[in-house]
Amino acid sequence: MTLTTARVPTNGIRRLTATLYGYAFLDDFVLLYPVYALLFADTGLPVWQISSLFVLWSLTGVLVEVPSGAWADAVSRRMLLWLGPLLSSVGFALWVLVPSYWAFAVGFVLWGLRGALGSGALEALVYEELDRLGAADRYARVMGRAQATGLMGVMAAMGLAAPVFAVGGYLAVGLASVLACLLTAAVAARFPEHRDPDAATAGAGWAATLRAGLAEARGDRSVRGALLLVPAVTAVWGALDEYTPLLVRDTGVPDGTVPWLLLLIWAGATGGGLLAAAGERLGTTGLAGVLAGSALALAAGAMAGTPAAIALVALAFGGFQLASVLADARLQERITGTGRATLTSVAGVGTDLTTITVYGAYAVIGSTTAHGSVFALFAVPYLVTALILAARARPCAF
């Protein structure tokens, strides 16, 4: 009996993590990722139009993120996780079948809807399933590995993008991306989900879960601090990610080499995700140090303007990835009510709003300034965040 009791949580954790890692890999195994900025440019879009697409993408998330989080708290989170990839598959198909500004815009709206449906729902499902199995303390480790697995999917896509693009151009990488989305939806349907019906439907469903989640944020200072930390850490580098192909191209390498140098950047980010378990021991001062060091590496690597210096950008992205996982883990640990997906989505809205600001600023500055200089400029917010964290390095900070 003892062996059976011990085996059940282990089997449950194994099923959850195997599904999560498969989902994370396929969700980012999109061959369009390393080349879609080039697709936009080759279609004739100037930098300001490319940036406007990124703003539309984030704005969609802002409008839908919190309602979808409340929806995830009121209904099945698993359902939202398999529905989202189906939407993005339609968007990717439009991009390569009818490439134009308006097709790109529709695709980004669908992609934004997909992101909003998954944001909050995934974190809440994983945390509560781990908590049910008595393993909530593994959340940062599991999500760090999931992030790393997703980045491995990005790297695999980058490795395949160049040969597939050489054979079939944008159409081939686009159709491969559609297939990846369909496989992601199939894997998402296998997530375990054990919800307390009373908690899921308390009050009056969607509206009640939204009010409950926002009430917890208003009433708990530590939750508010964790909500602010998430966008402060994740937004800027998440926005700069979209411009990395242009940064790499500015080093003078041919387009066929761009995916390979992007592969190096995401190898660095993958390493950061794998360090999440060790990173939990850093504390607030250690997190401040990670952010400051990453900001300096980003500025130096971007300003150098050489292919070799992309290694410094990779190091910076590794630090930012580690910090992002730790910020999410802090938020999940502080949420105690039933509105977990709602509050995670509130943090996502903060991230999206900050990201839109970065896109807008990049559109203005990047129209007259080299991409390396713009990247270096956006290292400054991380230095500011690091200083604030260092100044508040007390047991109750964040």
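Quick caveat: nothing in here was measured; it's all calculated off a predicted structure.

Asker: Explanation requested: the confidence of the model for the protein chain in the structure shown.
Answerer: Interpretation of this model should avoid reading the predicted coordinates in detail wherever pLDDT is low. Per-residue confidence for the protein chain gives a mean pLDDT of 83; residues scoring 70 or more make up 89%. The secondary-structure element of the protein chain with the lowest mean pLDDT is helix α8 (residues 197-201), recorded at 46, while helix α17 (residues 371-377) shows the highest, at 93. In this model residues 1-8 is a low-confidence stretch, pLDDT under 50, and it forms 0 contacts with partners more than four residues away in sequence or in other chains. Across residues 197-204, confidence stays below pLDDT 50; counting only partners more than four residues off in sequence or on other chains, it has 8 contacts.

Asker: I keep staring at helix α5 (residues 101-118) and nothing clicks. Help me out?
Answerer: Each α-helix winds once per 3.6 residues, and so residues spaced three or four apart point in a common direction. Taking 1.5 Å as the rise per residue, α5 with 18 residues should run 26 Å; its terminal C-alpha atoms sit 26 Å apart, in good agreement. Residues A103, F104, A105, G107, F108, L110, W111, G112, R114, A116, L117 and G118 constitute the buried set of α5. In the segment just after α5, G120 is the residue with positive phi, at about 90°.

Asker: Just checking my understanding: could you explain the side chain of Q321 for this structure?
Answerer: Position of Q321 among the secondary structure elements: in helix α15 (residues 310-334). Once residues within four sequence positions are removed from consideration, Q321 is found in contact with Q147, L151, W237, A269, G272 and G273.

Asker: Sorry, what's going on with the pattern of salt bridges here?
Answerer: Proximity of charged atoms lets side chains of opposite charge pair with each other. Tallied over the full model, the rule gives 3 salt bridges. With a shortest N-O distance of 2.6 Å, D27 and R114 are connected by a salt bridge. You can see D27 sitting in helix α1 (residues 2-28) and its partner R114 sitting in helix α5, a full 87 residues away along the chain. Between E129 and R132 there is a salt bridge; the shortest N-O distance is 3.4 Å.

Asker: Can you help me understand the packing of helix α14 (residues 283-304) against helix α18 (residues 380-391) in this one?
Answerer: Taken N-terminus to C-terminus, the directions of α14 and α18 make an angle of 160°; their axes are 8 Å apart at the nearest point. As far as their axial angle goes, α18 and α14 are roughly antiparallel. For α14 against α18, the interelement crossing comes out left-handed. Contacts between α14 and α18 involve T284, L287, A288, L291, A292, A295 and L296 from the former and Y382, L383, T385, A386, L389 and A390 from the latter. Within the contact of α14 with α18, the residues separate by chemical class into 11 nonpolar, 2 polar and no charged.

Asker: Which parts of the structure should I look at to understand the packing of aromatic side chains?
Answerer: Ring pairs (aromatic) are described by centroid distance and by the angle formed between their planes. If you walk through the whole model with that rule in mind, you get 34 aromatic pairs. Pairing F40 with F108 gives two aromatic rings, centres 5.7 Å apart and planes at 65°, and the pair type is edge-to-face. Placement of F40 in helix α2 (residues 36-42) and of F108 in helix α5 is noted, with a sequence separation of 68 residues between them. Exposure class is identical for F40 and F108. Each is buried. For the ring pair F108 and W111, a centre distance of 5.8 Å and an interplane angle of 10° mean the geometry is stacked.

Asker: Just to check I follow, could you spell out the nonpolar core for this structure?
Answerer: In this structure, F40 and W95 are the most contacted members of the largest nonpolar core, which totals 85 residues. Judged by nonpolar contacts, the second largest core, of 29 residues, contains L26, L80, V142 and V187.

Asker: What am I meant to see in a nonpolar patch on the surface here?
Answerer: Taken together, the side chains of L97, V98, L171 and L175 make up a nonpolar region of the molecular surface, amounting to roughly 360 Å² of accessible area. Relative to the helices and strands, L97 resides in helix α4 (residues 77-97).

Asker: Even after reading the chapter, I still don't get the side chain of T351, so can you show me in this structure?
Answerer: Following the sequence through the fold, T351 ends up in helix α16 (residues 340-366). The class of T351 is buried, set by a relative accessible area of 14%. Beyond its immediate stretch of four places on either side in the chain, T351 contacts V230, P231, T234 and A235.

Cut-offs used in this document
- Residues numbered from 1 in each chain as written.
- Predicted model: local features only at pLDDT ≥ 70, side-chain atom pairs only at ≥ 80, totals over all residues.
- Heavy atoms only, no water.
- pLDDT = per-residue confidence, 0-100.
- Helix = DSSP H or I, 4+ residues; strand = E, 2+ residues; numbered from the N terminus.
- Contact = heavy atoms within 4.5 Å.
- Expected span 1.5 Å × (residues − 1).
- Buried < 20%, exposed > 50% of the residue type's maximum accessible area, 1.4 Å probe, protein only.
- Salt bridge = Lys/Arg side-chain N within 4 Å of Asp/Glu carboxyl O.
- Axes fitted to C-alpha atoms, helices over the stretch in contact; angles between N-to-C directions.
- Parallel < 35°, antiparallel > 145°, perpendicular 65-115°, else oblique.
- Left-handed = near helix turned anticlockwise from the far one by under 90°.
- Nonpolar A, V, L, I, M, F, W, Y, C, P; charged D, E, K, R; others polar.
- Phe/Tyr/Trp six-rings, centres within 6.5 Å; stacked < 30°, edge-to-face > 60°.
- Core = buried A, V, L, I, M, F, W, Y, C linked by side-chain atoms within 4.5 Å.
- Patch = residues over 30% accessible without salt bridge, like charges linked within 9 Å, V, L, I, M, F, W, Y side chains within 5 Å.
- Areas by Shrake-Rupley, 256 points an atom, 1.4 Å probe, with all protein chains shown as cover.

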